[in-house]
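Understanding the architecture of this molecule
Chain by chain, the residues:
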Amino acid sequence: MDLNFAPPAEVIDLAQRVSDFVKTRIVPYEKDPRWTPHGPTDELRVEMNDLARSAGVFAPHVPKEYGGVGLSQVGRAFVFEAAGYSILGPTAIHCASPDEGNIHLLDVVARPDQRAHFLKPLAEGKIRSCFAMTEPGGAGSDPGMLQATARLDGNEWVINGRKWLITGAEGAGFVIIMAKVDGGPQDGHATLFLADLPDPAIRIERTLDTIDSSFTGGHAVLEIKDLRLPADAVLGEVGKGFRYAQVRLAPARLSHCMRWLGSAVRAQEIAADYARTRVAFGKTLGEHEGVSFMLADNHMDIHQARLSILHTAWLLDKGERASNESSMSKVVCSEAIARVADRSMQILGGMGMTRDTVVERIFRDTRAFRIYDGPSEVHRWALGARIVSGKM
């Protein structure tokens, strides 16, 4: 196997420019009161987006027709890690979830009219979006438990259901809804629908208070009651919702790994700097073996996570589905990054529990990463089943 993860020189240059931009222009925003417990406000997002445009680093991953450079997956690995150095970085350059994943899905599946109406303004950062699959007591790690329904009534779809943990719903310009068809030849089959927001038939019941705070719009509970959409509001084909969700999920799952790896690097840097200067028991913390071992373990976790990301990205760029590799990367990276954040907080001691550094916030947000896009246990179960059946 000829492994080669080396990106073109222009990608290295772009990643460096993103790194410089995030460190000099975005890190200062980490004390801005507009970064709320439910994520950065839209006002803050737009302000940072404008800075990114001026710096020439806005949305480099989007298709060239919408102003991006159409980064490959390996290219994204370098650029998104650089953006993730600040939790606000991905929002600033417009590569944050769920928009980044929705841009990819629409680019692959959407019709020309849907591209013009939904993808173009999203890719250009004029609107935000959300993806509504997860349900209270229904679809989640097991999407087969989907409860929301879509019934064809003449030339309209009538959609009903409740969704929750819908990232970015508050203030989004449109939503991609997953519902199962009720009646007809595709009865029970999951289908994706595009709906403009706001819509009186889609009500935000509440915004959930969660451990993380990195996504604009937070995580909402939605009630969808007798939503009427035209027959052509289907994204892709009727009955192929699960297939399209996988089109979105494998790269989007990896993108999370890339972004949070940047935050792990940041936490390690803060911990290492502290260990070099803080004196305890007659010498710097870094001279104590227990602390230096934690820094070494952090370095190894970061290295292994980066290699896993690059390998999976390389496979995706070759046109492979990389489902197994994507699952492995999700587990390897989410758990390694969480360990880095935890050790970094431990090294910082009392300071680590405060917001005098960003490590405490990285710790909380990366803890959530072990759950969304498939908990570690679900990925292990799926991988184990494939191994036992001889499919791996």
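Residues numbered from 1 in each chain as written. Predicted model: local features only at pLDDT ≥ 70, side-chain atom pairs only at ≥ 80, totals over all residues. Heavy atoms only, no water.

Each pocket or cavity is described by its volume, and for the largest pocket that value is around 1,300 Å³. Residue lining of the largest pocket: 43 residues in total, with Met133, Gly140, Tyr372, Asp373 and Gly374 positioned closest to the centre. Elements supplying a minimum of two residues to the lining of the largest pocket: helix H5 (99-109), strand S5 (156-167), helix H7 (241-277), helix H9 (323-348), helix H10 (359-369) and helix H11 (376-388). Here the element with the most residues in the lining of the largest pocket is H7; it accounts for nine residues. When grouped by side-chain class, the residues that make up the lining of the largest pocket number 19 nonpolar, 14 polar and ten charged. (1 Å grid on protein atoms, 1.4 Å probe; cavity = no way out; pocket = protein on both sides within 12 Å on 5 of 7 lines; lining within 4 Å. Points joined across faces, edges and corners; volume = space filled by probe spheres on them. Helix = DSSP H or I, 4+ residues; strand = E, 2+ residues; numbered from the N terminus. Nonpolar A, V, L, I, M, F, W, Y, C, P; charged D, E, K, R; others polar.)

Turning our attention to the packing of H7 against H9. Remark: H7 packs on H9, axes separated minimally by 9 Å, with the N-to-C direction vectors making an angle of 20 degrees. Classed by the angle they form, the pair H7 and H9 counts as roughly parallel. Between H7 and H9 the crossing geometry is left-handed. Partitioning the contact of H7 with H9 into residue classes produces 16 nonpolar, five polar and two charged. (Axes fitted to C-alpha atoms, helices over the stretch in contact; angles between N-to-C directions. Parallel < 35°, antiparallel > 145°, perpendicular 65-115°, else oblique. Left-handed = near helix turned anticlockwise from the far one by under 90°.)

Here alanine 110 is to be found in the loop between H5 and helix H6 (112-123). Classification of alanine 110 by relative accessible area gives buried; the value is 12%. Residues alanine 110 and leucine 235, 125 residues apart in the sequence, show an inter-C-alpha distance of 6.1 Å. When neighbours within four sequence positions are excluded, alanine 110 is seen to be in contact with Leu105, Arg115 and Leu235. (Buried < 20%, exposed > 50% of the residue type's maximum accessible area, 1.4 Å probe, protein only. Contact = heavy atoms within 4.5 Å.)

All we've got here are geometric facts, nothing functional implied.
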